[in-house]
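Summary of structural features
Residue-level listing of the chains:
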Amino acid sequence: GLMEVDVVPNTKNYWQSSMCPVNVHWHLGTEHYSVGEYDENGSGPNGNVGVPYRRTLAEGEVQDGFRCHHYDPDDEAYTRPYEWKHCIGMEVGETYEVHWPHSGAGACGTTYQYQTPFYDGVFCNLDMETLQTLAPQDIANAVGVQGQIFTIVNDDTYYYPDLIRGWIVDEEM
């Protein structure tokens, strides 16, 4: 954006910064905007949203975001229903933005590593006194979010067995 800041982002792999994922969650449509990839011209089984668009957090009704350009209503991979076991409410053909919040101050490697809401897990190993001493750069060095955009297809060719631990890093995909 156009906001000027003096905080430098952490550009290393998060595992190289002693961070672990503390939550996994997704949004219907994308929160972010990329012309020609996921924007107001994308499509899905439930349409799309127009511009200007600003997502807000809300309880109750789902507020969806932008769609990718991959959906094809004539291709069964985008329309054949799937019986979800875990991601209840997801729909084949729709676009989702998946987020993996990471933290160096989370409960990494314990049974409490993944927490909801995600911000409970970001600083769960810091007491309030220490937390209040952190400068913005300290937080930028210890907290980050990975995000990826997916169009869901019902096709085993695209099966990926584990999205819990972080985004897909595969040069051939």
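Residues numbered from 1 in each chain as written. Predicted model: local features only at pLDDT ≥ 70, side-chain atom pairs only at ≥ 80, totals over all residues. Heavy atoms only, no water.

1. Regarding the confidence of the model for the chain
Counted only if it meets this: Each residue gets a pLDDT score, which is the predictor's confidence in that residue and runs from 0 to 100. Labels follow the DSSP assignment, with helices taken as runs of H or I lasting at least four residues and strands as runs of E lasting at least two, numbered in each case from the N terminus.
On average, residues of the chain carry a pLDDT of 87, and 90% of them reach 70 or more. Mean pLDDT in the chain bottoms out at helix 1 (residues 118-122), which sits at 85, and peaks at strand 4 (residues 67-68), which reaches 94.

2. Points about unusual backbone geometry
The phi angle of most residues is negative, glycine excepted, and most peptide bonds adopt the trans form. In this model, Thr116 is joined to Pro117 through a cis peptide bond whose omega is -5°. Looking at where Pro117 falls in the secondary structure, it is placed in the loop between strand 5 (95-103) and helix 1. Its identity is not glycine, yet Ser18 carries a phi of approximately 60°, on the positive side. Of note, Ser18 is situated in the segment before strand 1 (20-21).

3. Focus: the state of the cysteines
Threshold: Pairs of cysteine sulfur atoms within 2.5 Å are identified as disulfides in what follows. Throughout, exposure labels follow a simple rule: accessible area from a 1.4 Å probe, protein chains only, divided by the maximum for the residue type, with under 20% read as buried, over 50% as exposed, and the rest as partly exposed.
In the structure shown here, the tally under the stated rule is one disulfide. Disulfide pairing places Cys20 opposite Cys108 at an S-S distance of 2.1 Å. Between Cys20 and Cys108, the S-S dihedral sits near -85°, and the bridge is therefore left-handed. With a gap of 88 residues between them, Cys20 in strand 1 and Cys108 in the loop between strand 5 and helix 1 connect regions that are remote in the sequence. A relative accessible area of 8% means that Cys20 is categorised as buried. In this structure Cys68 is a free cysteine whose sulfur lies 17 Å from that of Cys87, the closest cysteine sulfur available. The class of Cys68 is buried, set by a relative accessible area of 5%. For Cys124, which is in no disulfide, the shortest distance to another cysteine sulfur is to Cys108 and amounts to 8.0 Å. Its relative accessible area of 30% is what places Cys124 among the partly exposed residues.

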